[in-house]
Protein chains: 2
Amino acid sequence: MPNFKFAGRTGRMENPIIRQLLRLGQREGVISLAGGIPAAETFPVEEIIEASRRALERWGSRALQYSPTEGLAPLREYVARRKGVRPEQVLVTSGSQQGLDLIGRVFIDEGDEVLVESPTYMGALQAWNVYGPRYLEAPTDADGLVPAGLPDREPKLAYVLPNFQNPTGSMLPEKRRESVVAWARRRGVLLIEDDPYGHLYFEEEPPASLQRRCPDGVVYLGTFSKIIAPGLRMGYVIAPDEIINMLAQAKQAADLHSQAYGQAILAELAEMGVIEKQEQRTRNLYRRRAEMLLGLLRRYMPTGVEWSPPRGGMFVWLTLPEGVDTLELFEYAVEQGVAYVPGPVFSASGGLAGSLRLTFVSVPEEQMEEGVRRLARVLREALASAG
Amino acid sequence: MPNFKFAGRTGRMENPIIRQLLRLGQREGVISLAGGIPAAETFPVEEIIEASRRALERWGSRALQYSPTEGLAPLREYVARRKGVRPEQVLVTSGSQQGLDLIGRVFIDEGDEVLVESPTYMGALQAWNVYGPRYLEAPTDADGLVPAGLPDREPKLAYVLPNFQNPTGSMLPEKRRESVVAWARRRGVLLIEDDPYGHLYFEEEPPASLQRRCPDGVVYLGTFSKIIAPGLRMGYVIAPDEIINMLAQAKQAADLHSQAYGQAILAELAEMGVIEKQEQRTRNLYRRRAEMLLGLLRRYMPTGVEWSPPRGGMFVWLTLPEGVDTLELFEYAVEQGVAYVPGPVFSASGGLAGSLRLTFVSVPEEQMEEGVRRLARVLREALASAG
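Residues numbered from 1 in each chain as written. Chains lettered and ligands numbered in written order. Predicted model: local features only at pLDDT ≥ 70, side-chain atom pairs only at ≥ 80, totals over all residues. Heavy atoms only, no water.

**A few points about the sheet that holds strand β14 (residues 355–359) of chain B**
Residues and elements named next belong to chain B. Our working definition: Note on pairing: two strands pair once DSSP finds at least 2 bridges between them. Counting from the N terminus, the helices are DSSP H or I runs at least four residues long and the strands are E runs at least two residues long.
Pairing in this open sheet of four strands is antiparallel, and the strands run β10-β11-β14-β13 from one edge to the other. Looking at strand neighbours, the two that pair on one side only are β10 (306–307) and β13 (341–342), the edges of this open sheet. Across two bridges, the pairing between β10 and strand β11 (residues 315–319) is antiparallel. In the strand pairing of β11, Trp307 is matched with Leu318.

What follows is the structure, encoded as structure tokens:
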């Protein structure tokens, strides 16, 4: 019998904590403020039925045949138009997660330094861990990445989420964007700009992207998951041609190309004007829910628990007084009927146990108050026994 | 400015020959017998429009939300039923190409030995090269892999295409299947069985798969690309639970999950009976085209050019007398208005220059005779100058 000897890199793939958290949080009766998924009621189901029919009527079997690795022309053109780049700079990916994986594949040698924010998006860590980087962490505050905290080093990549960061919800102001780009230019560091939430602003549109400021030094990740639907698995990368070519080569080996049918559907949705309409609609819904959650936090959270109101996106980041470990507390919270995401999940070094992430978008509105009440009770107890 | 230093593994990703061939073969006026794509006229466009509507009406936003990495339950259940395994043994992938990549990712350490047939499917080499294996080659004849040629070694993986192999079209007979499985058991080697064409038999159904014969020692790759449509990017892996779990973990980091909508569409097509109908329909068309091509080869090919009639699948493999190099000849052939795939593309060691692959499925029937005539003329000239 074969003994299934797995490759060495599989030892870096596991993250048993996250898997266990996800399982626990799905228990019957638990109100989950932990989700990282968009509100399903925003998905334009009727429009997608219509766009599917139109896509097949217009494209016929071309929407069903093998197609170019880089993506279908009308979708690349739409993205290029919206983002102010050339279509050749756009690679369609199977969700942003694939973009992250392909970036790891073409850039990260074992032991390479990769700078991430603290906290940062766990999916990026998951995508890159398999390639064996060493992470450097840059500090953040309520305005995102702190430029003064950028290291005197030249990491291979620096990963930044400037718009309504996951998990903190922070937005990087104009001046910090300039500083980050200046640091990257000076150090010769390639910036990876992840922007799943840029269209989900509550007040004014965010400042221009890092990619716009430094087109030859930034790899930009976008997605349709948060605006149309994640189940379509459609994202894109914008980068200088040389990088797009290498990423496309990696993608060809990984899955040949992203689904042609889904790309054709998105091109139809774009032509039907559905994408912009969805952006507006989702913004409005998420703004309302954010206000609802923030009101409840103000009302129920014990003194000492802090947060900054997000200006877009899907998340609020809570910081607790010394002495409470959100990872240790998690199982008890679930027993008490509420789930959140503990801070260490977002840390490249396993820190941030004094923080947690809440979402306001996927929890049913009628359960939100009870969820916050339960969480407040759990935190109050923990603070009492910590104090 | 960043200098875009790519990872070392990117040096193993390039295959400039294949890229150049593909470009050349697409020239205006060239009749391509080189294609590796299904006949687009078989795609069930109307049925997919219907299944798309049904999928969204039945599944609603669940077909558009993030979904389990392993795949949607009804699709896994359908595959399990057809293949005689448990649904837990099925992982839905973004085409078979992703299955190959994930296998490389979880099994191949740099320098590991991987046994492949000579010739073998180029897409597998492309998927695995990035992981840096050393290939061992096993000889094949008109009946596929020659068991007596299997090495006295224990490669990490042994990759076999038993049904209508790409590129040779050969089918591994019952007895050889037993011998291959016995060798793998004896040596403790994990078999990778790639079966994109098993349903495309022209006469009787092929013997039971290696997976059926040795469920705990085989990773089986299947796909809907050749029966429904490749543009849906839907394939699957069948393997022991422990391997499925590891592949799913790798897939989660690579792209979270395959498109939920496409999976729901396939589940509907299965329920509508479209998949089995398509198998029949595609078999009939391909059988007719194979006969057509074989008749033309008999009529036009110069003496000394040899082939074995395929018993299914999409390809015929031609072997030429000594002295002709199909790679060198390719550019001239394209100038003469015909394209094929040179043998070395299917060789892990760059050999097989005396062979070439033809397809009979994607060339328009009315162009087939002229294509074969051009190819015969080119080969006749080459043989004359070689002799």
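Read on for the rest.
**Description of the confidence of the model for chain A**
Formally: Predictor confidence is given residue by residue as pLDDT, running from a minimum of 0 to a maximum of 100.
Averaged over all residues, the pLDDT of chain A is 95; the fraction at 70 or higher stands at 98%. Taken together, the chains of this predicted complex give a pTM of 0.97 and an interface ipTM of 0.96.

**Some details on the pattern of salt bridges**
Applied cut-off: Any carboxyl oxygen of Asp or Glu within 4 Å of a side-chain nitrogen of Lys or Arg constitutes a salt bridge here. Burial classes follow relative accessibility: with a 1.4 Å probe on protein chains only, a residue under 20% of its type's maximum area counts as buried, one over 50% as exposed, and anything between as partly exposed.
In this structure the tally under the stated criterion is 55 salt bridges over all chains. Between Glu50(A) and Arg53(A) there is a salt bridge; the shortest N-O distance is 3.1 Å. Of this pair, Glu50(A) and Arg53(A) both sit in helix α2 (residues 45–59), separated by three residues, roughly a single helical turn. The salt bridge partner of Asp152(B) is Arg187(B), with a shortest N-O separation of 3.3 Å. Within this pair, whereas Asp152(B) is found in the loop between β5 (144–145) and β6 (157–160), its partner Arg187(B) is found in helix α6 (residues 174–187), the two being separated by 35 residues in sequence. For Arg187(B), a relative accessible area of 23% gives the class partly exposed. Shared partners join several salt bridges into a network, and the residues in it are Glu41(A), Arg288(A), Arg289(A) and Glu365(A).

**Topic: the side chain of Ser209(B)**
Residue and element names in this part refer to chain B. Basically, it comes down to this: Polar contacts here mean pairs of N or O atoms no more than 3.5 Å apart (in protein, one a potential hydrogen donor and the other a potential acceptor; neighbouring residues in sequence count only if both atoms are side-chain atoms). Throughout, a contact is declared for two residues whenever any of their heavy atoms are within 4.5 Å.
Residue placement: Ser209 occurs in the loop between β7 (190–194) and α7 (210–213). Looking at Ser209, its side chain comes within polar contact range of the main-chain nitrogen of Arg212, at 3.0 Å. Beyond its immediate stretch of four places on either side in the chain, Ser209 contacts Arg177, Glu193 and Tyr220.

**Looking at the interface of chain A and chain B**
Definition in use: Defined in terms of a 1.4 Å probe, buried area is the accessible area two parts forfeit on being brought together, summed over both. Residues were grouped as follows: Ala, Val, Leu, Ile, Met, Phe, Trp, Tyr, Cys and Pro as nonpolar; Asp, Glu, Lys and Arg as charged; and all remaining residues, including Gly, as polar.
On the chain B side, the residues contacting the 76 residues of chain A number 77 residues. Between chain A and chain B, roughly 6,900 Å² of surface is buried when both sides are summed, and carbon and sulfur atoms account for 60% of that area. Across the chain A-chain B interface, the total number found is two salt bridges. Only α2, α4 (95–107), α5 (122–129), α8 (241–255) and α9 (260–271) of chain A provide two or more residues apiece to the side of chain A that touches chain B. Looking at which element gives the most residues to the side of chain A that touches chain B, the answer is α8(A), with nine residues. Its residues assigned to classes, the side of chain A that touches chain B shows 39 nonpolar, 21 polar and 16 charged.

**Describing the nonpolar core**
Which entries qualify depends on this criterion: Buried residues of nine kinds, namely Ala, Val, Leu, Ile, Met, Phe, Trp, Tyr and Cys, make up a nonpolar core once their side-chain atoms join them within 4.5 Å.
Residues Phe224(A), Ile228(A), Phe224(B) and Ile228(B) are the most contacted members of the largest nonpolar core, which totals 177 residues. Each residue touching Phe224(A), except ones within four places of it in the same chain, is listed here: Leu75(A), Tyr78(A), Val79(A), Ala229(A), Met234(A), Gly235(A), Tyr236(A), Leu266(A) and Ile275(A).

**Thoughts on helix α11 (residues 326–335) of chain B**
Residue and element names in this part refer to chain B. Our working rule: As used here, the arc belongs to the directions running from the helix axis to the C-beta atoms.
Listing the buried residues of α11 in full gives Thr326, Leu329, Phe330, Ala333 and Val334. Along α11, the residues classed as buried sweep out an arc of 140° about the axis, all on the same side. Exposed positions of α11 whose direction lies more than 90 degrees from the buried face are Glu328 and Glu335. The opening residue of α11, the one whose side-chain oxygen lies 2.9 Å from the backbone nitrogen of Leu327, is Asp325. Positive phi shows up at Gly337, right after α11, with a value of about 90°.

**With respect to the pairing of strand β6 (residues 157–160) of chain A**
Within a regular strand, side chains alternate between the sheet's two faces. Residue and element names in this part refer to chain A. How we decide: By convention a crossover is right-handed if, when the strands point away from the viewer, the path from the first strand over the helix to the second runs clockwise.
What you see with β6 is no split at all: Leu157 and Tyr159 on one side and Ala158 and Val160 on the other are buried throughout. The pairing of strand β3 (residues 113–118) with β6 spans three bridges and is parallel. Among the inter-strand pairings, Val116 is bridged to a residue of β6, identified as Tyr159. Where β6 lies against strand β7 (residues 190–194), four bridges are found, and the strand directions are parallel. What sits directly across from Ala158, in β7, is Leu191. Taken together, β6, helix α6 (residues 174–187) and β7 constitute a β-α-β crossover, and its handedness is right-handed.

**Here we look at the relation of the copies chain A and chain B**
Superposition of the two copies of the chain requires a rotation about an axis and a shift along the axis. Keep this limit in mind: The atoms used to superpose the copies are C-alpha atoms, taken from residues with pLDDT of at least 70 in both, and the fit is least squares.
Overlaying chain A with chain B gives an RMSD of 0.0 Å, the required rotation being 180° about an axis along which the chain moves by 0.0 Å. Such values leave the two copies arranged in the relation of a two-fold axis. The C-alpha atom lying nearest the rotation axis in chain A is that of Ser52(A); the distance is 3.5 Å. Comparing interface residues between copies, 100% of those in chain A also lie at the interface in chain B; the contact surface is shared.

**Points about the sheet that holds strand β8 (residues 218–223) of chain B**
All names here are of chain B. Spelled out, the test is: Throughout, an axis means a line fitted to C-alpha atoms (over the contacting stretch in the case of helices), and angles, computed between N-to-C directions, take values from 0 to 180 degrees.
Spatially, eight strands are ordered β2-β9-β8-β7-β6-β3-β4-β5 in an open sheet, and the strand pairing comes out mixed. In this open sheet, the two strands that pair with only one neighbour each are β2 (90–93) and β5. Where helix α3 (residues 73–83) meets the sheet, its contacts fall on β2, β8 and β9 (235–238), and the angle it forms with β2 comes to roughly 120°.

**Describing the packing of aromatic side chains**
Condition: Stacked, edge-to-face and tilted labels apply to pairs of Phe, Tyr and Trp rings (six-membered ring for Trp) whose centres lie within 6.5 Å, assigned for plane angles under 30 degrees, over 60, and everything in between, in that order. Definition used: whenever NZ (Lys) or CZ (Arg) falls within 6 Å of the ring centre and also within 35 degrees of the ring normal, the charge is taken to sit over that ring.
For the coordinates displayed, the defined rule picks out 15 aromatic pairs over all chains. Centre to centre, the rings of Phe224(B) and Tyr236(B) are 5.6 Å apart; their planes meet at 55°, and the pair counts as tilted. One end of the pair, Phe224(B), is in the loop between β8 and β9; the other, Tyr236(B), is in strand β9, with 12 residues separating them in the sequence. There is no split in this pair, since Phe224(B) and Tyr236(B) are both buried. The interplanar angle of 80° and the centroid separation of 5.8 Å between the aromatic rings of Trp317(B) and Phe346(B) together place this pair among those described as edge-to-face. Of the two residues, Trp317(B) sits in strand β11 while Phe346(B) sits in the loop between β13 and β14, which places them 29 residues apart along the sequence. The same class applies to Trp317(B) as to Phe346(B), namely buried. One Lys or Arg, Arg357(A), reaches over the ring of Phe315(A) and ends 3.9 Å from the middle of that ring.

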